[in-house]
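Geometric and topological summary
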Amino acid sequence: MDIIVSGSASQKFKPDEVTINLTFLVHEKTYEKALEEGAKCVDEFIKMALEKLEMSKECFKTSRFYVSEVNRYNPTTQKRVFDGYSFNQYSYIKFDYDVKIVTKFMDLVSSLKNPPNYVLNFNIKDMDRCKNIVLAEAYNKAKEKAEVIALASGKKLIDCLKVDFKPFTEHLISDTSFRNTDFGLGTNMEKTSIGKAKQSLADTLERNFTPEDVCVKETIYCLWTAE
């Protein structure tokens with residue numbers, strides 16, 4: 001007798017890695033000026049933030065970069081008019097999760113002349129290990145189902161002939177994330193307000209901030225034989 005059953009399992013794991021996605025934006029009247037000022041912003045971030053975090057330049061990865069013409073709509077003429085050039089660079093850094101490093105990062109970036117926008121996401125470095133743990137649990141649950149069906153049929157479970165499972169294509173991260181604007185650390189704040197905000201942020205993060213666990217879910221399908 002063939003028995004086909006499914007097994008599902010889920011388990012939560014504590015995040016141990018931070019990915020910070022950075023966006024450098026500069027708007028200038030000429031292409032050359034946009035490129036020059038944009039490069040200065042990136043260079044300042046590397047020297048005044050990355051190096052002070054004791055991270056090498058190799059940790060700073062760029063996923064997209066371009067300088068593009070900007071056209072804005074003029075309601076008076078009802079036409080789009082040329083309005084200079086925009087420098088856009090999208091980069092990211094990764095490091096082991098440590099709330100003190102996160103706090104220091106935010107402190108350093110908020111002190112820059114033209115800080116990048118950023119979003120922090122929390123994930124797990126060894127996701128394969130976590131998935132293997134969950135898959136093993138899913139398999140055991142499928143076996144338990146097959147044994148119950150075999151017993152109810154007056155038969156004995158013999159062997160698992162085939163296992164199918166969905167490919168590991170999901171990008172799994174913690175649902176916890178935050179960006180500089182979430183804490184009012186944008187580029188238009190007064191310096192005195194920034195100082196107070198940084199201290200308040202540091203106190204809040206150190207005392208209360210805990211990223212949500214990453215939930216890993218898997219389902220497998222097993223073909224068993226019983227006789």
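Before reading further, recall that the structure is shown in the block above.
This report concerns the structure included in the present document.

Scanning the entire structure with this criterion turns up nine salt bridges. Of the charged contacts in the structure, one is a salt bridge between E36 and K40, with a shortest N-O distance of 3.5 Å. Separated by four residues within a single helix, E36 and K40 lie in helix α1 (residues 31–50), roughly one turn from each other. Judged by relative accessible area, which is 38%, E36 ranks as partly exposed. Here D96 and K125 are joined by a salt bridge, their closest N and O atoms 2.8 Å apart. With D96 in strand β4 (residues 79–96) and K125 in the loop between β5 (117–123) and α3 (127–152), this pair connects stretches of sequence that are 29 residues apart. Through salt bridges with shared partners, a single network forms among K33, E36, E37 and K40.

If you look at the biggest cluster of nonpolar residues, it comprises 28 residues, and the most contacted ones within it are I20, L22, F45, F60, I93 and F105. Within the residue set of this core, elements represented by two or more residues are β2 (17–28), α1, β4, α2 (99–110) and β5. With seven residues, the top contributor of residues to this core is α1. Those residues within four positions of I93 in sequence are excluded, and the remaining contacts are V18, T19, I20, L22, L50, M55, C59, F60 and F105. Counting 21 residues, the second-largest nonpolar core is a separate cluster that includes I3, V5, C160 and I220.

Cut-offs used in this document
Residues numbered from 1 in each chain as written. Predicted model: local features only at pLDDT ≥ 70, side-chain atom pairs only at ≥ 80, totals over all residues. Heavy atoms only, no water. Salt bridge = Lys/Arg side-chain N within 4 Å of Asp/Glu carboxyl O. Helix = DSSP H or I, 4+ residues; strand = E, 2+ residues; numbered from the N terminus. Buried < 20%, exposed > 50% of the residue type's maximum accessible area, 1.4 Å probe, protein only. Core = buried A, V, L, I, M, F, W, Y, C linked by side-chain atoms within 4.5 Å. Contact = heavy atoms within 4.5 Å.

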